[in-house]
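Chains, contacts and geometry: an overview
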Amino acid sequence: MSSILTNNGAMVALQTLKSINNDLSKTQNQISTGLEISSAADNASLWAISQVMEADVAGFEAVSSSLSLGESTVAVGRAAAESVNELLVDIKEQIVLAQAPGADTDAIQTEIASLRDQVTSIVGAAQFNGQNLLSNTSTTAGEGTVEVLASLNRDENGAVTTTDINVQKQDLSQTDSAAGATATTDYTVTAAGTPAANGGTGTYTLGFNTGVTEVAAQASFELDLSSFDTTNNTSTATVQYVARDGDTLADVAAALSAAANFQLESEGRAGETVLSASGNVITVTNNDDTAVTGALAAGDFTLTDDGTIGGGLEILGDIDVSTTNGADAASAAIDYLIETAVGAAADLGTSQSRMQIQNDFISSLSDSLKSGIGALVDANMEEASARLQALQVQQQLAIQSLSIANQAPQNILSLFR
């Protein structure tokens, strides 16, 4: 049926043209933006996922910057610790020279003092962005650790948490800082054995009381050396070590052993009584011909609420090879000092390596996320190009079809001629 009031063909052609124009507009938008999904209107769920992923990428870029900054800070500390170690090796050479017959000990002591000053200079300059990882005399828990943002973790519920790489500050300084009060009931010391003559041994075992798991950052340990008296020699000295943040009982044992050996050697008791540390156990060995006059006792240790935190290389400041006893004491102490510097460099090197690995992983992870975002929202340009040409042809045909449909009412006039 033909009608001059309703042109069904024109309506169909018009709807087809509108649909083609709409698809053509979308395709042209994809080509101009490069995105198949550029707004939530295109595909709400995929757009929302892509936005979360883009937020994660931005977060990981910030994490990468944090890791790069932390890595640079640690690298400065590591390089300085390695330089300090080289200087300590040079000092050891001078100490050995000082023990040679006829050595000019005064000149050697001057050289050692110069090297010691250089150590101080390096440690003081080993800072990056205000952080010096070679000076840790803090008595406040947490201040001996530098936290470097390492990762952002998103769980299945969308909650985001952060992960840090904790870098323990080292201490290669020679200066002290005051220590605060600490609870003296946090620790136990168990003594066992009487070091008899000629290689006899006894031990002190440092432990924690119930509920205590770490050394307080201001615990002051003192060891009475009079317990090591023999019938030939006596000592009334005590040695002290004040813990800094991050120390363990093993650190306390090692530091007290080194300080005690230095003190005993300085008193001329070379090789008579020697202390060594393994973990939290201090072993006392008597190499004298006569036995130690008294048994080791837990009371040899005292815990005080005063004192100072000496630098990790505090003994270095007391080295004096101008006397025989001083040279012997320096010889006993230098290996501990070198071990301290080597340990500091190794710990910082481990942290630096971990940051490098984590930074490489973050970079790869960011690339993977960007690739995933592209797979979700990027337009396939080959398909878009082919679709554009097809739609342009369809548009021309639809226009022609609409034109033909609009001519249909004109054909009715021929019926009335």
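Cut-offs applied
- Residues numbered from 1 in each chain as written.
- Predicted model: local features only at pLDDT ≥ 70, side-chain atom pairs only at ≥ 80, totals over all residues.
- Heavy atoms only, no water.
- Helix = DSSP H or I, 4+ residues; strand = E, 2+ residues; numbered from the N terminus.
- Rg over C-alpha atoms; globule rule 2.2 N^0.38 Å.
- Contact = heavy atoms within 4.5 Å.
- Lys, Arg positive; Asp, Glu negative; His and termini not counted.
- Charge placed at Lys NZ, Arg CZ, Asp CG, Glu CD.
- 1 Å grid on protein atoms, 1.4 Å probe; cavity = no way out; pocket = protein on both sides within 12 Å on 5 of 7 lines; lining within 4 Å.
- Points joined across faces, edges and corners; volume = space filled by probe spheres on them.
- Nonpolar A, V, L, I, M, F, W, Y, C, P; charged D, E, K, R; others polar.
- Phe/Tyr/Trp six-rings, centres within 6.5 Å; stacked < 30°, edge-to-face > 60°.
- Buried < 20%, exposed > 50% of the residue type's maximum accessible area, 1.4 Å probe, protein only.
- Salt bridge = Lys/Arg side-chain N within 4 Å of Asp/Glu carboxyl O.
- Pairing = 2+ DSSP bridges.
- Axes fitted to C-alpha atoms, helices over the stretch in contact; angles between N-to-C directions.
- Core = buried A, V, L, I, M, F, W, Y, C linked by side-chain atoms within 4.5 Å.
- Expected span 1.5 Å × (residues − 1).

With that settled, consider the overall build of the protein. A tally of helices and strands in the protein yields six helices and 13 strands. Radius of gyration (C-alpha) of the protein: 39 Å, far over the 22 Å computed for a compact globule of 417 residues. Once the C-alpha set of the protein is aligned to its principal axes, its extents read approximately 150 × 50 × 35 Å. Put simply, of all contacts in the protein between residues at least 6 apart along the chain, 75% involve residues at least 24 apart. Taken together, the 13 basic and 50 acidic charged side chains of the protein have centroids lying 24 Å from each other.

So, on to the layout of surface pockets. Empty space among the atoms becomes apparent when a probe as large as a water molecule is rolled across them. Space inside the largest pocket adds up to approximately 1100 Å³. What lines the largest pocket is a set of 46 residues, and nearest its centre among them are Asp251, Ala255, Gly312, Tyr336 and Thr340. Counting residues per element, the ones that place at least two in the lining of the largest pocket are strand E9 (238-242), helix H4 (249-266), strand E10 (273-278), strand E13 (308-310) and helix H5 (324-377). The element that contributes the greatest number of residues to the lining of the largest pocket is H4, accounting for 11 residues. For the lining of the largest pocket, the residue count by class is 18 nonpolar, 16 polar and 12 charged. The space that makes up the second largest pocket amounts to roughly 170 Å³. Lining of the second largest pocket is provided by 13 residues; of these, Leu69, Gly70, Thr73, Gln131 and Val146 occupy positions nearest its centre. Where the lining of the second largest pocket is concerned, the elements lending two or more residues are helix H2 (44-98) and strand E3 (145-154).

The next point concerns the packing of aromatic side chains. Across all of its chains, the model carries three aromatic pairs by this definition. With a centroid separation of 5.2 Å and an interplanar angle of 75°, the aromatic rings of Tyr204 and Phe301 are classed as edge-to-face. Here Phe301 lies in strand E12 (residues 301-304) and Tyr204 lies in strand E7 (residues 200-208), a separation of 97 residues in the sequence. On the basis of relative accessible area, Tyr204 is assigned to the buried category, the value being 0%.

Here the focus is the pattern of salt bridges. For the structure shown, the criterion picks out five salt bridges. Ionic pairing is found between Lys370 and Glu61, a salt bridge with its closest N-O pair at 3.9 Å. Taken as a pair, Lys370 in helix H5 and Glu61 in helix H2 lie far apart in primary sequence, 309 residues in all. Across the pair Glu82 and Arg78 runs a salt bridge whose closest N-O atoms are separated by 3.1 Å. Of this pair, Glu82 and Arg78 both sit in helix H2, four residues apart, roughly one helical turn. With relative accessibility at 36%, the residue Glu82 sits in the partly exposed group. Under the relative-accessibility criterion, Arg78 is labelled partly exposed at 21%.

For the rest of this paragraph, the subject is the pairing of E7. Bridge analysis of strand E6 (residues 187-192) against E7 gives six bridges, and the strand direction is antiparallel. If you follow Thr190 over to E7, its bridge partner there is Thr205. Note: E7 against strand E11 (residues 281-286), six bridges, orientation antiparallel. Within E11, the position partnered with Thr203 by the bridge is Thr283.

Time to look at the sheet that holds E10. If you trace the four strands from one edge of the open sheet to the other, you get E6-E7-E11-E10, paired in antiparallel fashion. Edge positions in the sheet fall to E6 and E10, since each has one partner strand and no second. Each neighbouring strand pair of the sheet contributes to a mean axis angle of 20°, computed without reference to strand direction. Here H4 sits on the sheet and contacts E6, E7, E10 and E11; the angle it forms with E10, its principal contact strand, is near 165°.

Before going further, it helps to examine the nonpolar core. In this structure, Val84, Leu88, Val167, Leu172, Ile319 and Val321 are the most contacted members of the largest nonpolar core, which totals 53 residues. Of all the secondary-structure elements, those providing two or more residues to this core are H2, helix H3 (105-125), E3, strand E4 (160-168), H4 and H5. For this core, the element with the most residues is H5, which contributes 16 residues. Beyond its immediate chain neighbours, meaning those up to four positions away, Val321 contacts Ile95, Ala98, Thr105, Ile108, Gln109, Ile112, Gly326, Ala327 and Ala330.

Its location among the elements puts Ser257 in helix H4. Excluding its chain neighbours within four sequence positions, the residues that come into contact with Ser257 are Leu275, Ser276, Ala277 and Ile282.

Here we come to helix H1 (residues 8-33). Between its first and last C-alpha atoms H1 spans 38 Å; for 26 residues at 1.5 Å apiece the expected length is 38 Å, and the two agree. Within H1, burial applies to Ala10, Ala13, Leu17, Ile20, Leu24, Thr27 and Gln30.

Time to look at the pairing of strand E8 (residues 220-224). With four of five residues buried, E8 is to be regarded as a mostly interior element. Where E8 lies against E9, five bridges are found, and the strand directions are antiparallel. Bridging from a neighbouring strand, Asp224 pairs with Thr238 of E9.

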